[in-house]
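If you want the building blocks of each chain, they are given just below.
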Amino acid sequence: MRLLLMVVVTLALVVSLLPIVYPGTIVGSLGMPVNVFVAEVLRTTFKVRSESLVIMGEGAAHMLTLQGVLAVYLPILGLGMLVFRGR
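Here is what the cut-offs are and how they apply
- Numbers given for residues are sequential positions, taken from 1 along each chain in its written order.
- Only residues with pLDDT of 70 or above have their local features reported here, since the model is predicted, and side-chain atom pairs are shown and tallied only from 80 upward, although totals for entire chains, interfaces and linings are computed over all residues.
- The side-chain values count all of the structure's non-hydrogen atoms but skip hydrogen atoms and water molecules.
- A carboxyl oxygen of Asp or Glu within 4 Å of a side-chain nitrogen of Lys or Arg is what we treat as a salt bridge.
- Secondary structure elements are taken from DSSP: a helix is a run of H or I of four residues or more, a strand is a run of E of two residues or more, and numbering for both begins at the N terminus.
- Relative accessibility thresholds used throughout: buried, under 20% of the residue-type maximum; exposed, over 50%; partly exposed, between the two (1.4 Å probe, protein chains only).
- Patch membership needs two things, relative accessible area over 30% and no salt bridge, and members are linked within 9 Å if like-charged or within 5 Å if nonpolar (Val, Leu, Ile, Met, Phe, Trp, Tyr).
- In short, Shrake-Rupley with a 1.4 Å probe defines the accessible areas, and a residue's cover is counted only from the protein chains shown.
- To get an axis, fit a line to the C-alpha atoms, keeping to the stretch in contact for a helix; angles then go from 0 to 180 degrees between the N-to-C directions.
- Working definition: roughly parallel below 35 degrees, roughly antiparallel above 145 degrees, roughly perpendicular at 65 to 115 degrees, and oblique for all remaining angles.
- Crossings are classed by handedness, with left-handed meaning an anticlockwise turn of the near helix from the far one by less than a right angle and right-handed meaning a clockwise turn.
- A contact between two residues is defined here by any heavy atoms of the two lying within 4.5 Å.
- In this classification, the charged set is Asp, Glu, Lys and Arg, the nonpolar set is Ala, Val, Leu, Ile, Met, Phe, Trp, Tyr, Cys and Pro, and all remaining amino acids, among them Gly, are polar.

Concerning the pattern of salt bridges
Argument step 1. Counting across every chain of the model gives one salt bridge.
Argument step 2. Ionic pairing is found between Glu-40 and Arg-43, a salt bridge with its closest N-O pair at 3.2 Å. Within this pair, Glu-40 and its partner Arg-43 are both found in helix H3 (residues 32-46), separated by three residues, close to a single helical turn.
Argument step 3. Look at Glu-40 and you get partly exposed, because its relative accessible area is 25%.
Argument step 4. Exposure remark for Arg-43: the relative accessible area of 29% places this residue in the partly exposed category.

Structure below.
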């Protein structure tokens, strides 16, 4: 179960990076829904006002920046590794 969670979080990290690495391409648009969803959750839950984590993307959607993606996923992966290691 823990391994499955780590795989899902790692996959979400990679998919969220696609719009940042490949902006304006078909590959970048594949990761857009995940990036926008996480950005909206982060913006509404934690009331992020600065544009270092969340910016206005295409249209009226908010997007995570590279710092935002790393700030969301790396702590989750780090905690998961610590929990997985203590097995």
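Concerning a nonpolar patch on the surface
Argument step 1. A cluster of nonpolar residues, Met-1, Leu-4 and Val-8, forms a patch on the protein surface that exposes about 380 Å² of accessible area.
Argument step 2. Examined against the element boundaries, Val-8 turns out to sit in helix H1 (residues 2-21).

Remarks on the packing of H1 against helix H4 (residues 66-85)
Argument step 1. Contact geometry for H1 and H4: axes closest at 10 Å, N-to-C directions at 165°. In terms of orientation, H1 and H4 fall into the roughly antiparallel class. The element H1 and its partner H4 pack so that their crossing is left-handed. In this structure, H1 contributes Arg-2, Leu-3, Met-6, Val-9, Thr-10, Ala-12, Leu-13, Ser-16, Leu-17 and Ile-20 to the contact, and H4 contributes Leu-66, Val-69, Tyr-73, Ile-76, Leu-77, Gly-80, Met-81, Val-83 and Phe-84.
Argument step 2. Taken together, the residues that form the contact of H1 with H4 break down as 15 nonpolar, three polar and one charged.

Quick notes on the environment of Met-6
Argument step 1. As for its position among the elements, Met-6 is in helix H1.
Argument step 2. Separated by 71 residues in sequence, Met-6 and Leu-77 have C-alpha atoms that sit 6.9 Å apart.

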